[in-house]
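# A look at the structure
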Amino acid sequence: MAHKLNINPWSVEIIGEVENPLTLQMEDLLKQQAPQEFVYRLRCVEGWSMVVPWIGFPLASLLKRVKPLSTAKFVKFTSVHQPETMRNRMLEWPYVEGLRIDEAVHPLTILAVGMYGEILPNQNGAPIRLVVPWKYGFKSIKAIVKIELLKNAPTTTWNKYAPKEYGFYANVNPSVPHPRWSQFSERQLGSRFFSPRRQTELFNGYGDQVASMYKDMDLVHFF
Ligand SMILES: Nc1nc2c(c(=O)[nH]1)N[C@H]1C(S)=C(S)[C@@H](COP(=O)(O)O)O[C@H]1N2
Ligand SMILES: [Mo]
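Each value, and the rule that gives it
- Residues numbered from 1 in each chain as written.
- Chains lettered and ligands numbered in written order.
- Predicted model: local features only at pLDDT ≥ 70, side-chain atom pairs only at ≥ 80, totals over all residues.
- Heavy atoms only, no water.
- Salt bridge = Lys/Arg side-chain N within 4 Å of Asp/Glu carboxyl O.
- Helix = DSSP H or I, 4+ residues; strand = E, 2+ residues; numbered from the N terminus.
- Buried < 20%, exposed > 50% of the residue type's maximum accessible area, 1.4 Å probe, protein only.
- Core = buried A, V, L, I, M, F, W, Y, C linked by side-chain atoms within 4.5 Å.
- Contact = heavy atoms within 4.5 Å.
- Phe/Tyr/Trp six-rings, centres within 6.5 Å; stacked < 30°, edge-to-face > 60°.
- Lys NZ or Arg CZ within 6 Å of the ring centre and 35° of its normal.

Bringing the pattern of salt bridges into the picture now. One pass over the structure, following the stated rule, counts 10 salt bridges. In this structure, the salt-bridge partner of K76 is E148, at a minimum N-O distance of 3.9 Å. Pair noted here: K76 is in strand β5 (residues 74-79) and E148 is in strand β10 (residues 144-150), with a separation of 72 residues, a long-range link. Judged by relative accessible area, which is 23%, K76 ranks as partly exposed. What makes E148 buried here is its relative accessible area of 14%. With its nearest N and O atoms 2.6 Å apart, the salt bridge here joins K139 to E97.

Another aspect to go through is the nonpolar core. Core analysis: the biggest nonpolar cluster contains 62 residues, and I128 and I147 have the highest contact counts within it. By residue number, the principal contributor to this core is strand β7 (residues 110-115), which donates five residues. For I128, the residues in contact, after removing those within four places along its chain, are W10, V12, M26, L29, F57, L111, A112, V113, L120, K142, A143 and I144.

Here we take up the packing of aromatic side chains. Tallied over the entire structure, the rule returns 11 aromatic pairs. Here the aromatic rings of F74 and F168 are separated by 5.9 Å at their centres, their planes lie at 75°, and the arrangement is edge-to-face. Of this pair, F74 sits in strand β5 while F168 sits in the loop between α4 (157-161) and β11 (185-188), placing them 94 residues apart in sequence. Comparing F74 with F168, the two get one shared label, buried. Judged by centre distance (5.6 Å) and plane angle (80°), the ring pair of F138 and Y166 falls under edge-to-face. Within this pair, whereas F138 is found in the loop between β9 (129-131) and β10, its partner Y166 is found in the loop between α4 and β11, the two being separated by 28 residues in sequence. Counting every residue linked through ring pairs, the aromatic cluster contains F74, F168, Y169, F203, Y214 and F222. If you follow R41 out to its NZ or CZ, it ends over the ring of Y206, 4.9 Å from the centre. Directly above the aromatic system of F168 lies the positively charged group of K139, at a separation of 4.3 Å from the ring centroid.

Laid out in structure tokens, this is it:
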């Protein structure tokens, strides 16, 4: 189970279409970045949401160090594969996610190493996870060991499992229902006794910063 995950030592490999591939030990990676707090809404594809104060740094500042080539169009992220410590429901391990390169270097896209002022708990993706606040939570892959810059879009875990239900883009969109439920509203989890529902916003409310990346795309087709 996740709380038994062995995270020490940990290294992250950054390879692929880059001039300067790197394998970074976690402590070196942290020394080179100045962690800041990012307070983001996280909207799960299953209809709940939370406001989370993450501690992390922009993914772009790490990618800059490997010098992406002009052929790098997508970024693939791979989670640790420790089958003895992870519960496997129906998904194939390791968990894999992906972003387009412009999404990956967007200033809202971060790698988180902490939350609520503490280091990340194992179940929330220790020691390092992705957070992409305008996309459904499943894009925010936890316990990352490998980041690969690619020419083509990678195959991703949920998309492979159920391609009609979980798209590659997975941008939060109240007007594109999941085949089995509406995405119009969400239950806000928090410290309060009851969880009020709120209306879900396009791009999870971050549209003013991210909509231009999708301006010529049909968001129903590329869901
Ligand atoms: N490695 C890995 N990352 C993952 C998942 C997973 O099962 N394994 N689940 C995803 C899903 S579906 C969601 S909603 C978020 C949940 O993040 P949390 O556990 O911190 O709430 O993590 C995402 N990242
Ligand atoms: Mo999820």
